[in-house]
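The chain contents come next:
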Amino acid sequence: MVQAYLDRPWLTRLHAHTGSQGIPLSLMARGVAETYALAEEINRRAGRRQVDTLDIGGGLPVNFASDATTPTYAQYARVLAEEVPGLFDGRYGLVTEFGRSLLAKHGTVVARVEYAKSAGGRPVAVTHAGVQVATRTVYAPGLWPLRIAAYDSKGRPKEGPAVVQDVAGPACFSGDLLAEGCALPLLEQGDFAAALDTGAYYFAHHYAYNSLVRPGIYGFWPDGRFAVVREAQTVEEVVAESGGARVDALTESP
Ligand SMILES: Cc1ncc(COP(=O)(O)O)c(C=O)c1O
């Protein structure tokens with residue numbers, strides 16, 4: 001690595017992204033410490049400040065289990081200051097690439113309950129959000145569990161005793177579950193299920209299976225006004241993407 005930098009005097013930055021979600025702060029800080037040490041070594045061997053900026057990646061985990069923001073950026077900064085004292089002394093520019101820690105808690109997927117049923121002795125609320133917006137959660141629920149909040153048909157928090165139920169999506173396989181066995185006021189037809197903390201890694205991961213449209217994204221102003229941030233996909237776009245735009249591709253020779 002050092003030789004690679006010495007051979008390329010125009011290389012002025014070092015980058016490390018230790019990993020995302022589930023990486024302890026101490027391990028993240030160790031990754032940054034190694035990067036910092038390498039920058040110091042390169043600069044020593046180059047005899048000049050060749051590396052002037054460190055990019056310490058993202059990776060701060062998000063607490064998906066409650067509304068609490070833990071760990072915080074302040075905690076991470078404290079650990080970094082302890083483990084890598086030179087990092088904040090101003091000699092290096094710093095770049096971060098935080099993703100989910102910035103965005104996850106600012107987004108919610110809201111889906112109408114199309115109908116409610118019972119299967120395997122358990123109530124199931126079948127909604128419009130499943131594998132097409134929560135691909136990781138549906139295919140690896142143990143690794144990417146989601147909290148669900150229940151709202152009535154007017155959007156008010158749903159009242160009532162907690163009932164253990166499944167919240168399912170619209171796709172054609174039985175495992176299309178946003179949440180399995182979660183205790184919530186009983187969801188009924190016309191209610192809304194909100195999948196919380198889905199502002200990162202959900203809107204980006206649309207899955208076109210079953211030709212389900214990519215949903216719109218709506219931001220809101222503090223005064224309650226909504227703004228379209230991303231248009232919902234139209235049926236025409238789904239048809240075009242599914243081959244409709246090239247219907248003659250295999251019937252007419254080029
Ligand atoms: C290189 C790099 N930087 C930043 C990120 C964002 O990570 P996170 O969303 O965990 O902050 C990722 C995601 O894996 C990544 O690969």
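The notes below deal with the structure included here.

About the criteria used
- Residues numbered from 1 in each chain as written.
- Predicted model: local features only at pLDDT ≥ 70, side-chain atom pairs only at ≥ 80, totals over all residues.
- Heavy atoms only, no water.
- Phe/Tyr/Trp six-rings, centres within 6.5 Å; stacked < 30°, edge-to-face > 60°.
- Helix = DSSP H or I, 4+ residues; strand = E, 2+ residues; numbered from the N terminus.
- Buried < 20%, exposed > 50% of the residue type's maximum accessible area, 1.4 Å probe, protein only.
- Pairing = 2+ DSSP bridges.
- Axes fitted to C-alpha atoms, helices over the stretch in contact; angles between N-to-C directions.
- Contact = heavy atoms within 4.5 Å.

Let us now look at the packing of aromatic side chains. Applying the stated criterion across every chain, the model contains eight aromatic pairs. A ring pair is formed by Tyr36 and Tyr92, whose centres lie 5.7 Å apart and whose planes are at 70°; its orientation type is edge-to-face. Of the two residues, Tyr36 sits in helix α2 (residues 25–46) while Tyr92 sits in the loop between α3 (73–83) and β3 (93–95), which places them 56 residues apart along the sequence. Here Tyr36 and Tyr92 have matching classes, each one buried.

In terms of burial, strand β11 (residues 226–230) is largely open, as just zero of its five residues are buried. Counting the residues in the hairpin turn of strand β10 (residues 217–220) and β11 gives five residues, including Gly224, whose phi is positive at 100°.

A word on the sheet that holds strand β1 (residues 13–15). Pairing within the open sheet is parallel, and its three strands lie in the order β1-β2-β3. Only two strands of the sheet have a single partner each, and these edge strands are β1 and β3. Geometrically, the sheet is characterised by an average inter-axis angle of 15° between neighbouring strands, direction not taken into account. In this structure, β1 lies alongside strand β2 (residues 53–55), joined through three bridges in parallel fashion. Opposite Arg13, over in β2, you have Thr53 as the bridge partner. Sitting on the sheet, α2 is in contact with β1 and β2, with an inclination near 155° to β1.

Further remarks concern unusual backbone geometry. Between Thr70 and Pro71 the backbone carries a cis peptide bond, its omega angle lying at -10°. Tracing the backbone through its elements, the reader meets Pro71 in the loop between β2 and α3. In the Ramachandran plot, Gln21 falls in the positive-phi region, its phi being about 60° despite a non-glycine side chain. Within the secondary structure layout, Gln21 lies in the loop between β1 and α2. Unusually for a residue other than glycine, Ser211 sits at a positive phi of about 55°. Look at Ser211 and you get partly exposed, because its relative accessible area is 44%.

Of the strand pairs in this sheet, strand β4 (residues 109–119) and strand β9 (residues 192–195) are connected by four bridges, and their pairing is antiparallel. Across the sheet, Val110 pairs through a bridge with Ala194, a residue of β9. Bridge count for strand β6 (residues 148–151) against β9 is four bridges, and the pairing is antiparallel. Note on β9: the bridge partner recorded for Ala150 is Ala193.

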